[in-house]
Amino acid sequence: MLNLLAPNPCSLCVWSDAVMHQLCQPCTKLLKEQAKQIFQAQDFADALPLDLVTGQPLPVFAASFYTPEMAKVLLKFKDHQRIKIAGFLRPIVYRTLHYASDTLGYSYYRVVPIPASGASMRKRGYNPVLTMLPRQLPPALNLDTGLLKTRWHLLTRAAHHGTGVQIRREQSRKKFRVSTRHTEPAEPVILIDDVLTTGATLAASARTLQAQGFDVVAAVVFSAVMPRG
Ligand SMILES: [Zn+2]
């Protein structure tokens, strides 16, 4: 029924015609407005790793808050094959990476995306985090998609043994591994993910990389969930 009204429905409001990137004009404007202010979100996420020297959490640069509108659009992008939304996301990701690298002040970086599990790749057919990356990264940033890998089989097996704190800690510690073709940790690492909630995924990734000698200096996310209250 809705499709009769809008043959190419907007991913957010559903009843208007999408003009570009599977979004209509007013929704594009609204979403751009919500993503115009980059901010640091590390104080909202309890599970982020703390710096051993300063005690400060890993800096996380967020392009937007996880508003109901952002949540809906990211869900459509991730789970409903609305893959052209990437055209809207990419310039924002570019800007946020650029801002993060400028703020941190190193001369070069390795950008490491949080890998998708094999199961979610099979379900979706694409990796949302890789798909939202700009085709060309800002200067001084080198993309490394092969460094961090998922260890999905360990996770699924652990899930059968309960969900206690110990088990969950074990799970998150074993969730990722570093590809063996990488032996030389060189430039500082910026992790990139779509949504920041507790920071547990970023923490597991950072710990895995740090154990192999990599210097994880920050993370960039598209949206950060606001704490309640
Ligand atoms: Zn719309």
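The structure under discussion appears in the preceding block.
Residues numbered from 1 in each chain as written. Predicted model: local features only at pLDDT ≥ 70, side-chain atom pairs only at ≥ 80, totals over all residues. Heavy atoms only, no water.

What follows concerns the coordination of the zinc ion. Coordination sphere of the zinc ion, protein contribution only: Cys-10 (SG), Cys-13 (SG), Cys-24 (SG) and Cys-27 (SG), at 2.3 Å. With four donor atoms in place around the zinc ion and angles of 100 to 114° between them, the coordination shape is tetrahedral. Classification of Cys-27 by relative accessible area gives buried; the value is 9%. (Donors = N, O, S within 2.8 Å, 3.2 Å for Na, K, Ca; no water. Tetrahedral: all angles 85-135°; square planar, octahedral: opposite > 155°, others 65-115°. Buried < 20%, exposed > 50% of the residue type's maximum accessible area, 1.4 Å probe, protein only.)

Right, let's talk about the sheet that holds strand 4 (residues 141-143) for a bit. Read from one edge of the open sheet, six strands run 1-2-8-7-3-4, paired in mixed fashion. Each having just a single partner strand, strand 1 (39-40) and strand 4 make up the two edges of the open sheet. Sheet analysis places strand 1 next to strand 2 (residues 60-65), joined by two bridges and oriented antiparallel. By the bridge assignment for strand 2, Gln-40 is matched with Phe-61. Most of the contacts of helix 4 (residues 86-104) go to strand 8 (residues 216-224), to which it runs at about 150°, and overall it touches strand 1, strand 2, strand 3 (109-113), strand 4, strand 7 (189-196) and strand 8. (Pairing = 2+ DSSP bridges. Helix = DSSP H or I, 4+ residues; strand = E, 2+ residues; numbered from the N terminus. Contact = heavy atoms within 4.5 Å. Axes fitted to C-alpha atoms, helices over the stretch in contact; angles between N-to-C directions.)

Another aspect to go through is the side chain of Ser-101. For Ser-101, the position within the fold is in helix 4. Contacts of Ser-101, omitting those with residues within four sequence positions, involve Tyr-106, Tyr-109 and Leu-141.

Attention now goes to helix 4. Note on helix geometry: an α-helix contains 3.6 residues per turn, so any two residues three or four positions apart are oriented the same way. Under the 1.5 Å per step criterion, the end-to-end length of helix 4 is 26 Å for 19 residues, consistent within 8% with the ideal 27 Å. Taken as a whole, helix 4 has its buried residues at Ala-86, Phe-88, Leu-89, Arg-90, Ile-92, Val-93, Thr-96, Leu-97, Ala-100 and Ser-101. Gly-105 occupies a position one or two residues after helix 4 and carries a positive phi of about 85°. (Expected span 1.5 Å × (residues − 1).)

Attention shifts here to the pattern of salt bridges. In total, this model carries five salt bridges according to the counting rule given. Across the pair Arg-124 and Asp-79 runs a salt bridge, and its minimum N-O distance is 2.9 Å. Of this pair, Arg-124 sits in helix 5 (residues 118-124) while Asp-79 sits in helix 3 (residues 68-79), placing them 45 residues apart in sequence. Overall, Arg-124 belongs to the buried group, its relative accessible area being 15%. The exposure class of Asp-79 is partly exposed, given its relative accessible area of 31%. (Salt bridge = Lys/Arg side-chain N within 4 Å of Asp/Glu carboxyl O.)

What follows covers the side chain of Ser-179. Tracing the chain through its elements places Ser-179 in the loop between strand 6 (176-178) and strand 7. The exposure class assigned to Ser-179 is buried, which follows from its relative accessible area of 7%. Leaving out residues up to four positions away in the same chain, Ser-179 has contacts with Gly-146, Leu-147 and Lys-149.

Counting residues in hydrophobic clusters, the biggest one holds 37 residues, and the most contacted among them are Leu-89, Leu-97, Ile-192 and Phe-222. At the level of elements, helix 2 (25-34), strand 2, helix 3, helix 4, strand 3, strand 7 and strand 8 are the ones that each hand at least two residues to this core. Of all the elements, helix 4 adds the most residues to this core, at seven residues. Shared between two domains, this core holds at least three residues of each, these being domain 1 (1-34) and domain 2 (38-224). Here Leu-97 is in contact with Val-111, Leu-137, Pro-138, Leu-141, Ile-190, Ile-192 and Val-220, once residues within four sequence places are set aside. (Core = buried A, V, L, I, M, F, W, Y, C linked by side-chain atoms within 4.5 Å. Domains from an automatic or database assignment.)

Another aspect to go through is the pairing of strand 7. With eight of eight residues buried, strand 7 lies mostly within the body of the structure. When strand 3 meets strand 7, the two strands line up parallel, connected through four bridges. Bridge assignment links Val-112 to a residue of strand 7, and that residue is Leu-191. The pairing of strand 7 with strand 8 spans seven bridges and is classified as parallel. By the bridge assignment, Asp-193 is partnered in strand 8 with Val-221. You can see the chain leave strand 7, run along helix 9 (residues 200-211) and come back into strand 8, and the turn it takes is right-handed. (Right-handed = clockwise from strand over helix to strand, strands pointing away.)

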